[in-house]
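# Chain and residue survey
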Amino acid sequence: MALELCVTESYEALSLRAAEVIGDEIARSPNIVVLAATGRTPLQAYKHLGDACDSAAFDTTRMTVVQLDEYVGVAADDRRALIGWSKRVLIDPLHVDDGRVVSFHGADGDPEERCRTYDATIKARGGVDLAILGLGPNGHLGFNEPPSRPSDTTRIVRLTEASIESNASYWGSVDDVPTHAMTAGMDVILAARRILLLVSGSHKREILRRTLDGEATPDVPASYLREAANVTVIADRDAWPGDDLETTAAAETAIDVLA
Ligand code: F6R
């Protein structure tokens with residue numbers, strides 16, 4: 001188990017650091033399979049990554065991008081489709097072609113069947129090398145809503161009120177947010193060879209504390225990251241629970257404070 005905590009002075013510093021980590025991973029393993037979150041937190045990191053790609057800092061022609069989650073009942077061309085979001089902010093800026101994108105839209109059939117095809121495709125590509133995650137306001141990873149356990153597989157979930165509320169800010173109102181989603185399972189996420197969790201803003205401070213503190217619990221799915229192999233948490237100063245943190249997790253980690 002290895003958990004590295006990195007605290008940055010600002011969201012911009014978090015984004016630069018995250019882009020650097022992701023870019024280094026792509027440069028080191030051009031065949032990399034990257035599971036990538038949407039949401040607001042990684043946006044600026046993806047922007048910096050796109051700029052680095054344009055200046056040829058690494059080669060993306062062999063990398064694969066895997067969608068982390070998708071709403072049920074939303075077509076790929078719907079304004080709310082998370083695959084569209086991912087294409088705009090990450091896939092297109094990195095010039096990853098469609099053949100190297102694994103999404104929940106990659107197969108016909110009902111959402112259950114799509115989940116099975118999604119899992120099989122990831123397996124056929126050798127599993128996930130790097131997972132880029134945001135932290136849900138309720139501790140979810142992808143849409144693994146509380147309660148979720150490490151053995152939970154890729155599946156359809158009903159969104160909690162907390163997630164519907166936070167997603168409403170993406171699309172207009174709570175009525176615009178679908179009630180169900182397909183999510184990469186906890187098992188897929190936790191098996192990633194490297195995990196990057198990005199956390200920004202004071203509204204995430206308490207849930208980050210619960211992620212890092214005390215016993216891992218299904219009530220905070222992200223707390224199971226402490227049991228994963230190779231996790232880097234990059235939090236900005238606003239999100240950092242700092243001195244309130246007493247955990248063994250924190251004691252065992254390298255804490256790196258960046259300007
Ligand atoms: C997005 C996703 C979610 C978000 C989380 C944080 O694909 O899976 O788990 O990462 O809800 O969202 P933001 O970054 O908007 O606070």
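Within each chain, residues carry numbers counting from 1 in the order of the written sequence. Where local features are concerned, this predicted model is filtered to residues with pLDDT of at least 70; where side-chain atom pairs are given and counted, the filter is 80 or more; whole-chain, interface and lining totals use all residues. Side-chain descriptors were evaluated using all non-hydrogen atoms of the structure, hydrogens and water having been removed beforehand.

## Details of the side chain of Asp-69
Quick note on the threshold: Strands here are runs of E lasting at least two residues and helices are runs of H or I lasting at least four, both read from the DSSP assignment and numbered beginning at the N terminus. Classification of residues uses two cut-offs on accessible area relative to the type maximum, computed with a 1.4 Å probe and protein chains only: under 20% is buried, over 50% is exposed, and between them is partly exposed. His is not counted, nor are the chain ends; Lys and Arg add positive charge and Asp and Glu add negative charge. Only one rule defines a salt bridge in this text: a Lys or Arg side-chain nitrogen within 4 Å of an Asp or Glu carboxyl oxygen. Polar contact is defined as a pair of N or O atoms within 3.5 Å, subject to the rule that within protein one atom must be able to donate a hydrogen and the other to accept it, and that residues adjacent in sequence are counted only when both atoms are side-chain atoms. Whether two residues are in contact is decided by their heavy atoms, any of which lying within 4.5 Å being enough.
The residue Asp-69 is located in strand β4 (residues 69-71) in this model. Look at Asp-69: it is buried, it has no salt bridge, and the nearest opposite charge is Arg-155 at 10 Å. Among the polar contacts made by the side chain of Asp-69, one reaches the main-chain amide nitrogen of Phe-143 at a distance of 3.4 Å. Look past the residues within four positions of Asp-69 in its chain and what remains in contact with it is Thr-38, Leu-82, Phe-104, Gly-142, Phe-143, Met-182 and Thr-183.

## What to know about the environment of Gly-106
Within the secondary structure, Gly-106 sits in the loop between β5 (101-102) and α4 (111-124). Taking the C-alpha atoms as reference points, Gly-106 and Thr-232, separated by 126 residues in sequence, lie 30 Å from one another.

## Section: α4
Short version of the rule: The span expected for a helix works out to 1.5 Å for each residue beyond the first. Read the arc as the range of directions from the helix axis to the C-beta atoms.
The first and last C-alpha atoms of α4 sit 20 Å apart over 14 residues, in line with the 20 Å expected at 1.5 Å per residue. For α4, the complete set of buried residues consists of Cys-115, Tyr-118, Asp-119 and Ile-122. Projected down its long axis, α4 carries its buried residues within an arc of 95°, all on one side. Elements that come into contact with the buried residues of α4 comprise β2 (33-36), β3 (64-67), β5, β7 (155-158), β8 (180-183) and α6 (186-190). In the stretch just after α4, Gly-126 is the one whose phi turns positive, near 90°.

## Regarding the sheet that holds β7
Applied cut-off: DSSP bridges decide pairing: two strands pair if at least two such bridges lie between them. To get an axis, a line is fitted to the C-alpha atoms, and for a helix only the part in contact is used. The angle between two axes follows their N-to-C directions and goes from 0 to 180 degrees.
Read across the open sheet, the three strands follow the order β4-β8-β7; overall the sheet is antiparallel. Pairing within the sheet leaves two strands with one partner each, and these edge strands are β4 and β7. Strand-to-strand twist across the sheet, computed as the mean angle between neighbouring axes with direction ignored, equals 30°. Here β4 pairs with β8 via three bridges, running antiparallel. Of the residues in β8, the one forming a bridge with Asp-69 is Thr-183. Sheet strands touched by α4: β7 and β8. Its angle to β7, the strand with the most contacts, is close to 130°.

## Thoughts on the site of the ligand
The cut-off we apply is this: Only heavy atoms are used to decide nearness, and a residue is near a molecule or strand if one of them lies within 4 Å of it. Where accessible areas are quoted, they stem from the Shrake-Rupley method and a 1.4 Å probe; at the residue level, only the protein chains shown are allowed to cover. Residue classes follow a fixed rule: Ala, Val, Leu, Ile, Met, Phe, Trp, Tyr, Cys and Pro count as nonpolar, while Asp, Glu, Lys and Arg count as charged, and any other residue, Gly among them, counts as polar.
In the neighbourhood of the ligand, 14 residues make up the surrounding shell, with Thr-41, Asp-69, His-140, Tyr-170 and Lys-204 lying closest. The contact in question runs from an oxygen atom of the ligand to an N or O atom on the side chain of Thr-38, over 2.8 Å. Here an oxygen atom of the ligand sits 2.8 Å away from a polar atom, N or O, in the main chain of Arg-40. For the ligand, whose accessible area on its own is 410 Å², the fraction buried by protein is 93%. Of the residues that constitute the shell around the ligand, the class distribution is four nonpolar, seven polar and three charged.

Don't take any of this as a statement about function, it's just geometry.
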